[in-house]
Amino acid sequence: MNTIMRKSVLSVAGLAFAGGVFAGPVAAHAATPVDGKPVAVAVQAPKPQGDQSRIALNGEQTGNAKAIIAATKKAGLPERAAVISIATSLQESKLDNLGHLGDANDHDSLGLFQQRPSSGWGTPEQITDPAYSTTAFLKGLRQVDGWQDMALTDAAQTVQVSAYPDAYAQWEQQATDLVHQHWNS
């Protein structure tokens, strides 16, 4: 067998194997009905990147996480969007709805996501409304091609344009846990 033919055969065999490994189990389960009803297939979330941080949340912070989840659901986006949003808020504000902080403030950054009125995110009143600020963040996220399959920190950074682009990753596990805990409540 000549070299070109052998490489072609091996390439096709490799693709067939990879297709079977990645699609085979899902396709097999999805096609197997139980009692005449299709079976739901659980999609596993990506493994969080790097070392993970975690903070204890008070009632207000938990309420803000729930508000982010509610706004995500209202926008018709999946749980992954809520995970990215909550992780972003954990990094930006620790889920505290930040008002004007005087000299401690980063420019004119406000709210759960440290959005800036001067950058067009909305008025101070809008930005400090958790539903509005989440919707604004999600609007930015929707504009990121392939955000669903990106590493969380890359998706968040593309929207936020932070000076610390890798910092979002440390909150992925806590954000995932919060979404799992409150998505259906």
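Check the entry above for the structure.
First, a word on what this report is: a plain description of the structure on this page. Each chain carries its own residue numbering, running from 1 in the direction its sequence is written. Totals for whole chains, interfaces and linings use every residue, but because this is a predicted model, local features are given only for residues with pLDDT of at least 70 and side-chain atom pairs only at 80 or more, for both listing and counting. With hydrogens and water excluded, all non-hydrogen atoms of the structure serve as input to the side-chain values.

Within the element layout of this structure, A81 appears in helix α3 (residues 79-93). The cut-offs for exposure are 20% and 50% of the maximum accessible area for each residue type, with area from a 1.4 Å probe on protein chains only; residues under the lower value are buried, those over the upper are exposed, and the others partly exposed. A residue is classified by how much of its surface remains accessible, and A81, at 0% relative accessible area, is buried. Taking C-alpha positions, A81 is 8.0 Å from L141, a pair spaced 60 residues apart along the chain. With near-sequence residues (within four places) excluded, A81 lies in contact with T72, L138, L141 and W147. Note on conventions: DSSP H or I runs of at least 4 residues are helices, E runs of at least 2 residues are strands, and numbering of each starts at the N terminus. For this analysis, residues touch if any pair of their heavy atoms sits within 4.5 Å.

Here the focus is the nonpolar core. One recurring pattern in soluble globular proteins is that nonpolar side chains are buried together. Among the nonpolar cores identified, the biggest contains 29 residues, and I84, I86, L95, F137, L141, W147 and V179 are the most heavily contacted of them. Among the secondary structure elements, those contributing two or more residues to this core are α2 (59-74), α3, α5 (130-142), α6 (152-160) and α7 (172-182). When residues in this core are grouped by element, the largest group, seven residues, is from α3. In this view, I86 contacts A65, I68, I69, L95, A175, L178 and V179; residues no more than four positions away in its chain are not counted. Residue types Ala, Val, Leu, Ile, Met, Phe, Trp, Tyr and Cys, when buried and joined through side-chain atoms within 4.5 Å, form a set referred to as a nonpolar core.

The next subject is the pattern of salt bridges. Should a side-chain nitrogen of Lys or Arg be within 4 Å of a carboxyl oxygen of Asp or Glu, the pair is scored as a salt bridge. As enumerated under the stated definition, the model contains three salt bridges in all. Taking the shortest distance from any N to any O, the salt bridge between D108 and R116 comes out at 2.6 Å. Using a relative accessible area of 22% as the deciding quantity, one classes D108 as partly exposed. In this structure R116 comes out as partly exposed when scored by relative accessible area, which is 26%.

Structurally, the position occupied by S89 is in helix α3. Here L112 takes part through its backbone oxygen, which lies 3.0 Å from a polar atom of the side chain of S89. When neighbours within four sequence positions are excluded, S89 is seen to be in contact with I68, K94, L95, L112 and F113. Any pair of N or O atoms that falls within 3.5 Å is considered a polar contact. Within protein, one atom must be able to donate a hydrogen and the other to accept it, and sequence-neighbouring residues count only if both atoms are side-chain atoms.

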